[in-house]
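Here are the chains, one letter per residue:
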Amino acid sequence: MAGFSYKRILRNRDFILCLGLGLGLLAPRAAAWTEGLTLPALAVVMTLSTMGVSGRVFRSPGALVGPSLAGLAMNYLVLGGFILGAGLLLVDDPALRDGFVILASVPPAVAVIPFTDFLGGDRDFSLIGTTGAYLGALGIMPLMALFFFEAGLVSPIQLMIIVLELIVGPLIASRILLAVGLAGRIEPYKGAVTNWSFFIVVYTVVGLNRDLFVHHPLSLVPVAGVAVASTFVLGLIIERLAPILGVAGRRTTSLVLLGTLKNYGLAGGLALALFDRQTAVPATVSTVFMIVYIIWLGLRKK
């Protein structure tokens with residue numbers, strides 16, 4: 001009985017995410033070593049998550065238009081607009097404001113698709129919506145950079161590489177696993193591998209920015225306010241409005257995730273590369289609240 005409980009704890013998603021958060025704060029040194037593993041870990045997560053996506057989804061081009069437009073609208077009009085407005089309203093520091101502009105400009109978190117699995121949402125809708133938002137970002141990000149910074153924020157080639165590495169590549173890999181019959185053998189381990197892959201990402205992001213949380217907590221209060229509002233508050237608003245707009249069931253979960261989760265890793269990397277550590281603060285703080293938010297959504301579902 002004790003062994004059974006031990007195994008359950010090691011497979012529990014909430015425990016693993018909290019462990020990554022706690023170790024990132026208490027023992028951050030290894031984060032420098034795990035930084036190079038974050039992209040492969042996300043690619044593994046995406047491959048496992050898309051194994052369950054039916055190939056029929058891509059056989060009807062007309063059926064792709066609606067979810068793609070929904071992904072663009074939720075990620076940029078709803079979430080991006082909310083982040084921009086709240087950031088400008090609540091934050092005075094110019095560097096932090098630049099960080100929120102970068103955060104508003106990036107596409108959804110690639111974790112939208114595996115989190116859709118966790119929460120019982122519409123996986124096909126989330127996949128197409130996320131892909132559509134990434135393709136739309138090829139034009140939206142440079143335009144936002146030109147408007148706010150008078151310079152290019154990120155090259156279209158860099159974004160296309162991200163699309164290939166974290167969406168197209170894993171999708172192809174998942175088709176190969178299905179074709180050769182390995183998907184069935186992997187299925188019993190999919191949950192554990194996915195959870196521990198997320199552990200690598202969470203630990204690394206928090207560990208690399210540990211000093212920020214420990215030594216400058218008060219400076220993070222306005223940023224935390226925007227992070228809470230753009231996840232917990234905005235998510236509840238989307239959830240309440242969805243039935244009024246004729247959306248119900250599993251698709252509501254997909255809309256909530258597309259409308260509350262940004263690619264914080266990409267935003268933080270861009271901020272560090274183009275500005276400084278202070279500009280990366282909004283992405284870093286939002287990552288921590290994303291973890292808490294996903295745990296909260298999982299508890300609500302239970």
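A quick note: this is a predicted structure, and the numbers were derived from the prediction, not measured.

1. Quick notes on the nonpolar core
Within the largest apolar cluster, 79 residues are counted, with the highest numbers of intra-cluster contacts made by L257, L261, V285 and I294. Element by element, the count of residues in this core is highest for helix α16 (residues 281-301), at 10 residues. Beyond its immediate chain neighbours, meaning those up to four positions away, L257 contacts V112, F115, T116, L119, I294 and L297.

2. Notes on the environment of W196
Relative to the assigned elements, W196 resides in helix α11 (residues 190-208). Measuring from C-alpha to C-alpha, the distance between W196 and G66 comes to 33 Å, with 130 residues separating the pair along the chain. Discounting chain neighbours no more than four positions away, the residues touching W196 are L10, I16 and L19.

3. Examining the packing of aromatic side chains
The tally for this structure, following the rule as stated, stands at 9 aromatic pairs. Here F232 and Y293 contribute two aromatic rings whose centre-to-centre distance is 5.2 Å and whose plane-to-plane angle is 75 degrees, an arrangement assigned as edge-to-face. Linking F232 in helix α13 (residues 221-244) with Y293 in helix α16, this pair joins segments that are 61 residues apart in sequence. Relative accessible area serves as the criterion here: at 1%, Y293 is assigned to the buried category. Positioned above the aromatic ring of Y76 is the side chain of K262, whose terminal nitrogen or guanidinium carbon lies 4.4 Å from the ring centre.

4. A closer look at the packing of helix α7 (residues 112-119) against helix α8 (residues 123-149)
For the pair α7 and α8, the least separation of the axes is 9 Å and the interaxial angle reads 165 degrees. Relative to α8, α7 is oriented roughly antiparallel. Our pair here, α7 against α8, has a crossing hand that is right-handed. Here α7 contributes V112, I113, T116 and D117 to the contact with α8, which in turn contributes R123, S126, L127 and T130. Taken together, the residues that form the contact of α7 with α8 break down as 3 nonpolar, 3 polar and 2 charged.

5. Some points on α7
Burial analysis of α7 places 6 of its 8 residues in the buried class, the great majority of the element. The complete set of buried residues in α7 reads V112, I113, P114, F115, T116 and L119. On its buried side, α7 packs onto α4 (38-50), α8, α11, α14 (250-258) and α16. G120, located one to two residues past α7, shows a positive phi value of around 75 degrees.

6. Topic: the pattern of salt bridges
Under the criterion given, the structure shown has 6 salt bridges. Among the ionic pairs, D211 bridges to R210, the shortest N-O distance being 3.9 Å. Here D211 falls in the partly exposed class, since its relative accessible area comes to 44%. Taking the relative accessible area as the measure of exposure, R210 reaches 25% and is therefore partly exposed.

7. Let's talk about the layout of surface pockets
Size it by volume and the largest pocket reaches roughly 940 Å³. The wall of the largest pocket is formed by 37 residues, among which T38, V205, Y264, G265 and L266 lie closest to the centre. Secondary structure elements with two or more residues in the lining of the largest pocket: α4, α9 (156-179), α11, α15 (264-274) and α16. Counting residues per element, the lining of the largest pocket draws most heavily on α15, which supplies 8 residues. Volume-wise, the second largest pocket comes out at about 220 Å³. Taken together, L119, E239, T252, T253, V256, L257, L297, R300 and K301 make up the lining of the second largest pocket. Residue assignment for the lining of the second largest pocket shows that the elements contributing at least two residues are α14 and α16. Considering each element in turn, the lining of the second largest pocket owes the most residues, 4 residues, to α14. Taken together, the residues of the lining of the second largest pocket sort by class into 4 nonpolar, 2 polar and 3 charged.

8. Focus on the packing of α4 against α7
Packed helices, taken two at a time, are described by the angle their axes make and the gap between the axes. α7 packs onto α4 with a crossing angle of 50 degrees between their chain directions and a minimal axis gap of 9 Å. When the axis of α4 is compared with that of α7, the two are oblique. By crossing handedness, the relation of α4 to α7 is classed as left-handed. For the pair α4 and α7, the contacting residues are V45, M46 and S49 in the first and I113, P114 and D117 in the second. Residue classes in the contact of α4 with α7 are distributed as 4 nonpolar, 1 polar and 1 charged.

9. Here's the deal with the side chain of T260
Along the chain, T260 falls in the loop between α14 and α15. What T260 contacts, discounting residues up to four positions off in sequence, is L79, S230, T231, L234, G235, I238 and Y293.

The rules behind these values
- Residues numbered from 1 in each chain as written.
- Predicted model: local features only at pLDDT ≥ 70, side-chain atom pairs only at ≥ 80, totals over all residues.
- Heavy atoms only, no water.
- Core = buried A, V, L, I, M, F, W, Y, C linked by side-chain atoms within 4.5 Å.
- Buried < 20%, exposed > 50% of the residue type's maximum accessible area, 1.4 Å probe, protein only.
- Helix = DSSP H or I, 4+ residues; strand = E, 2+ residues; numbered from the N terminus.
- Contact = heavy atoms within 4.5 Å.
- Phe/Tyr/Trp six-rings, centres within 6.5 Å; stacked < 30°, edge-to-face > 60°.
- Lys NZ or Arg CZ within 6 Å of the ring centre and 35° of its normal.
- Axes fitted to C-alpha atoms, helices over the stretch in contact; angles between N-to-C directions.
- Parallel < 35°, antiparallel > 145°, perpendicular 65-115°, else oblique.
- Left-handed = near helix turned anticlockwise from the far one by under 90°.
- Nonpolar A, V, L, I, M, F, W, Y, C, P; charged D, E, K, R; others polar.
- Salt bridge = Lys/Arg side-chain N within 4 Å of Asp/Glu carboxyl O.
- 1 Å grid on protein atoms, 1.4 Å probe; cavity = no way out; pocket = protein on both sides within 12 Å on 5 of 7 lines; lining within 4 Å.
- Points joined across faces, edges and corners; volume = space filled by probe spheres on them.

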